[in-house]
Amino acid sequence: MSTNETQLPANFIRQIIADDRASNKHNGKVATRFPPEPNGYLHIGHAKSICLNFGTALENNGTCNLRFDDTNPEKESVEFMESIQRDVQWLGFTWDALYHASDYFEQLYEYAIQLIEQGQAYVDSLSAEQIRTYRGTLTEPGKESPDRNRSIAENLELFKRMRAGEFADGEYVLRAKIDMTSPNINMRDPAIYRIRRVHHHRTGEAWCIYPMYDYTHCISDAIEGITHSLCTLEFEDHRPLYDWVLEQLQTPCHPQQIEFARLQLEYTIVSKRKLNQLVTENHVSGWDDPRMPTLAGLRRAGFTPKAIRDFCERIGMTKQNSWIEMGVLEYCIREDLNENALRAMAVLQPLRVIITNYPDNQIESLEISNHPQRPELGKRIVPFAKVILIEQDDFAEIPPKKYKRLILGGEVRLRGSYVIKCNEVIKDAEGNISELHCTYDLDTLGKNPEGRKVRGVIHWVSEQHAHAAEVRLYSRLFSVPQPDNEANFLNALSRDSLEVLADCRVEASLSNANIDHRYQFERTGYFCLDAIDSINGKLVFNRTVTLRDGWVKD
RNA sequence: UGGGUCGUCGCCAAGCGGUAAGGCACGGGGUUUUGAUCUCCGCAUACCAAGGUUCGAAUCCUUGCGACCCAGCCA
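Sequence order as written defines the numbering, with residues in each chain counted from 1. Written order decides the labels, with chains lettered from A and ligands numbered from 1. Given that the model is predicted, a residue must reach a pLDDT of at least 70 before its local features are reported, and side-chain atom pairs must reach 80 or more before they are shown or counted; all residues, however, enter totals for whole chains, interfaces and linings. By convention in this description, side-chain values take in all heavy atoms of the structure and omit both hydrogens and water.

Got a minute to help me understand the pairing of strand 23 (residues 518-521) in this structure?
For a regular strand, the rule is simple: side chains alternate between the two faces of the sheet. Two strands form a pair only when DSSP identifies at least two bridges running between them. Under the DSSP-based scheme used, a helix requires at least four consecutive residues in state H or I and a strand at least two consecutive residues in state E, with every element numbered from the N terminus. Relative to strand 23, strand 10 (residues 342-344) runs parallel, the two sharing three bridges. In the sheet register, Leu-342 faces strand 23, and the bridge partner there is Tyr-519. In this sheet, strand 24 (residues 525-529) lies alongside strand 23 in antiparallel orientation, the contact comprising four bridges. Bridge pairing in strand 24 places Gln-520 opposite Tyr-526. Connecting the antiparallel pair strand 23 and strand 24 is a turn made up of three residues, with Arg-523 showing a positive phi of about 75°.

When you look at the sheet that holds strand 7 (residues 209-211) in this model, what are you seeing that I'm missing?
Sheets are built from strands that pair by backbone hydrogen bonding, the pairs being arranged parallel or antiparallel. Spatially, the four strands line up as an open sheet ordered 4-5-6-7, and their pairing is antiparallel. In this open sheet, the two strands that pair with only one neighbour each are strand 4 (121-124) and strand 7. On average, each strand axis in the sheet is tilted by 20° relative to the strand beside it, whichever way the strands run. Bridge analysis of strand 4 against strand 5 (residues 173-176) gives four bridges, and the strand direction is antiparallel. Bridge assignment links Asp-124 to a residue of strand 5, and that residue is Val-173. Here the axes come from fitting lines to C-alpha atoms, over the contacting stretch only for helices, and the angles between their N-to-C directions go from 0 to 180 degrees.

Mind showing me how you'd approach helix 9 (residues 272-280) here?
Because an α-helix completes one turn every 3.6 residues, residues spaced three or four positions apart along the sequence face the same direction. In this scheme, a residue with accessible area under 20% of its type's maximum is buried, one over 50% is exposed, and one in between is partly exposed, where area comes from a 1.4 Å probe on protein chains only. Buried residues of helix 9: Lys-272, Lys-274, Leu-275, Gln-277, Leu-278 and Val-279, and no others. Two residues form a contact once any of their heavy atoms are found within 4.5 Å. Residues of helix 9 that are buried in the fold lie against helix 2 (44-59). Downstream of helix 9 by one or two residues, Asn-282 has phi in the positive range, about 60°.

For this particular structure, what's the right way to read the protein's contact with RNA strand B?
Nearness of a residue to a molecule or strand requires only that one of the residue's heavy atoms be within 4 Å of it. Around RNA strand B, 70 residues are found, and the nearest of them are Thr-71, Arg-314, Arg-343, Arg-415 and Gln-520. What you see for RNA strand B is that sugar and phosphate hold 66% of its atoms within 4 Å of the protein. Under this definition, polar contacts are N or O atom pairs within 3.5 Å; protein pairs additionally need one hydrogen-donor-capable and one acceptor-capable atom, and for neighbouring residues in sequence, both atoms have to be side-chain atoms. Leu-138 has a polar backbone atom sitting 3.0 Å from a base nitrogen of RNA strand B. Between Ile-315 and RNA strand B, the recorded distance is 2.8 Å, taken from a backbone N or O atom to a sugar or linking oxygen. Where the surface near RNA strand B is concerned, the elements lending two or more residues are helix 5 (128-134), strand 6 (191-195) and helix 12 (326-340).

Explanation requested: the packing of aromatic side chains in the structure shown.
The geometry of an aromatic ring pair is captured by two quantities: the separation of the ring centres and the angle between the planes. In this analysis, rings of Phe, Tyr and Trp, with Trp reduced to its six-membered ring, are considered paired at centre separations within 6.5 Å, and the interplanar angle assigns stacked below 30 degrees, edge-to-face beyond 60, and tilted for intermediate values. Within the structure shown, the criterion is met by 23 aromatic pairs. A ring pair is formed by Phe-159 and Tyr-193, whose centres lie 5.2 Å apart and whose planes are at 70°; its orientation type is edge-to-face. Of this pair, Phe-159 sits in helix 6 (residues 152-163) while Tyr-193 sits in strand 6, and the two are 34 residues apart along the sequence. Residues Phe-159 and Tyr-193 agree in their burial class; the two are buried. Arranged with centres 5.1 Å apart and planes meeting at 75°, the rings of Phe-521 and Phe-541 form a pair that is edge-to-face. Separated by 20 residues along the polypeptide, Phe-521 in strand 23 and Phe-541 in strand 25 (residues 540-546) bring together distant segments of the chain. Among the aromatic residues, those joined into a cluster by ring pairs are Phe-105, Tyr-109, Phe-159, Tyr-193, Trp-207, Tyr-210 and Tyr-215. When the NZ atom of lysine or the CZ atom of arginine is within 6 Å of a ring's centre and also within 35 degrees of its normal, the charge is said to sit over that ring. Between the NZ or CZ atom of Arg-476 and the centre of the ring of Tyr-267, over which it lies, the distance is 3.9 Å.

I keep staring at the sheet that holds strand 3 (residues 98-100) and nothing clicks. Help me out?
Strand order in the open sheet made by the three strands is 1-2-3, with parallel pairing throughout. If you trace the sheet from one side to the other, it starts and ends with strand 1 (31-34) and strand 3, each paired once. When the angles between neighbouring strand axes are averaged without regard to direction, this sheet yields 35°. By the bridge criterion, three bridges tie strand 2 (residues 63-68) to strand 3 in an arrangement that is parallel. Looking across to strand 3, one finds that Phe-68 is bridged to His-100. The strands that helix 2 touches are strand 1 and strand 2; relative to strand 1, the one it contacts most, it runs at about 160°. Here helix 3 (residues 78-91) sits on the sheet in contact with strand 1, strand 2 and strand 3, set at roughly 155° to strand 2.

Quick question: what am I supposed to make of the side chain of Ser-417 here?
Among the secondary structure elements, Ser-417 is positioned in the loop between strand 16 (411-414) and strand 17 (419-427). Other than its neighbours up to four places away in sequence, Ser-417 contacts Leu-366, Phe-384, Thr-444, Leu-445 and Trp-460.

In this structure, what is going on with the domain arrangement of chain A? I would like to understand it.
Reports often express the size of an interface as the amount of accessible area lost when the parts come together. Boundaries between domains were set according to an automatic or database domain assignment. Each assigned domain of chain A is listed here: domain 1 (5-260), domain 2 (272-343 + 469-545) and domain 3 (351-459). Using C-alpha coordinates to define each centre, domain 2 is positioned 30 Å away from domain 3. Every contact between the two is made by 12 residues of domain 2 and, on the other side, 15 residues of domain 3. Summed over both partners, the accessible surface that disappears when two parts come together, traced with a 1.4 Å probe, is what is meant by buried area. Taking both partners together, domain 2 and domain 3 bury about 1100 Å²; carbon and sulfur atoms supply 45% of that area. The largest contributions to the domain 2 side of the interface with domain 3 come from Arg-343, Glu-522 and Arg-523, which together make up 51% of the buried area. Any Lys or Arg side-chain nitrogen located within 4 Å of an Asp or Glu carboxyl oxygen qualifies as a salt bridge. Counting across the interface, domain 2 meets domain 3 through three salt bridges. For Arg-380, the salt bridge goes to Glu-507, with nearest N and O atoms at 2.6 Å. Here domain 2 is connected to domain 3 by 12 residue pairs in polar contact (both at pLDDT 80 or more). Elements with a contribution of two residues or more to the side of domain 2 that touches domain 3: helix 12 and strand 10. With three residues, helix 12 is the single largest residue contributor to the side of domain 2 that touches domain 3.

Help me out: how do you make sense of the nonpolar core in this one?
Nonpolar side chains in soluble globular proteins generally cluster together in the buried interior. Here, the term nonpolar core denotes a set of buried Ala, Val, Leu, Ile, Met, Phe, Trp, Tyr and Cys residues that are joined through side-chain atoms within 4.5 Å. One finds Ile-50, Val-88, Leu-295, Ile-308 and Phe-311 to be the most contacted residues of the largest nonpolar core, which totals 39 residues. Counting residues per element, the ones that place at least two in this core are helix 2, strand 2, helix 3, helix 10 (295-301), helix 11 (305-314) and helix 12. Looking at this core, the element that brings in the most residues is helix 2, giving six residues. Two domains each provide a minimum of three residues to this core, namely domain 1 (5-260) and domain 2 (272-343 + 469-545). When residues no more than four places from it in sequence are discounted, the contact partners of Phe-311 are Ile-44, Leu-263, Leu-265, Ile-324, Val-328, Leu-329 and Cys-332. Counting residues in hydrophobic clusters, the runner-up holds 37 residues, among them Tyr-109, Cys-218, Ala-222 and Tyr-242.

Structure follows, in structure tokens:
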């Protein structure tokens, strides 16, 4: 992957790291980590963090670990762990080491013993509800638990018995002893261990107490020798706690937590809980539904890793809460696909055209370039015959202003082929157009007709040579820019985010379409084969994104 | 009305006391056998507001205003 052939844009994190390296902080080393909780699929918001963490390591000749933050077994699973690894690799990154917070359970436990011995943690018997009331509010200080001054010996004893499974879930909790009057609520004696008798997907039944995020994360970072612990803004208030734990424990390494704004993309949601709800309530076909902002969904829709990486770079890195317009993501994918997608012709809503002056059984093999700007991508053979299919939209009996397609008595260029003229419109009993009778100009193959200008160019396929295909036209899942702000985000779901065209006709060369290839169906958009439903020779194409359309209809 | 953070073009975003980069979007011209691509041009006398310091302020100071986050035994 090329990360530095061009000048990378400045941002505050790059600046901090450049300064740290200049001052030889951490001996000039840079070590980051991407720490997802395996409780859902990765989405476009994670991509920002992945690119940041892995990108930072790459740019600074450092390392980046993948670490699963698996401290809450109730919500986590192996399926999610596997999908996360798949998606990180697909995005184009390789981790230096793969760890799990659960790898550190024993060390975390020992550190907790140390905190207790130092008089900085205690076992509390208050219930969850009591702890909440004791915590105080945003404007009033909390008050101390009656258990706060339990003796060290008793705390040690109780904590060991917690681990031994002698108590019921919720009966006790281990808390850090910090300051119940702190204006920062996170410092009001936060819980650091809770009793939870649940099966853990990696440690099985070995533990019935599990450490909490704030306590686990900083120690895990320290154990791995992370230098810069990059996380999102909502953890800003947790930084004092992150630092407190590491200071008490005198860990050999004290990473610097730096917070950045999480990605907010218009017309999508990136709340794992809500994405989960879309899946479980069948509003979409799964985590990999092409309308989902998950990496699995984007992949199935035809997005490329390169486009997503480019997007993550373009949106910048700051501490400002901001909303990125869909146009930016669309630009990134179009830019990549315009350069790399093979061109092909597909007629989504066919209209039959008979070329009356074309010899009945003649077939011509036309050679058409796979890419107008890149001849090295080769050419393909496209058969031409007397009966062809064009897009219904490309003919109009009553054309709008500035219409440059086919009209009765008018001419149009068939892409890579001849100029035809429409002489007659045939209608069925209901008055619907059933076919067009046209004539072709033999002298227009590969050259412009003399004495007149043909403005329009339309795509086509030969009826007898074309293959049937299903084409799925996806568009944004939500109808409002910020569905999260709705009382119920489900009400913002757009009803027509998927249009299935079951009976399209694609040019013959597409019969051996490859799952790894992207295609531009000329004049309609970028498409790729659906990885799941294109089986047994059935062709199912997903629309990744439309082509830009500069036609201002008035 | 506690604590933390943030206010630069429609949307992002550089800028670090020397006189407002860039991208997306948008508008206009050119090329084009994709109404695509490509290309050229345009697009903040102004940086949340008001004071102040300075020869000089988006940058420093003061006071306001606005937005976001925090009261899980979630991460």
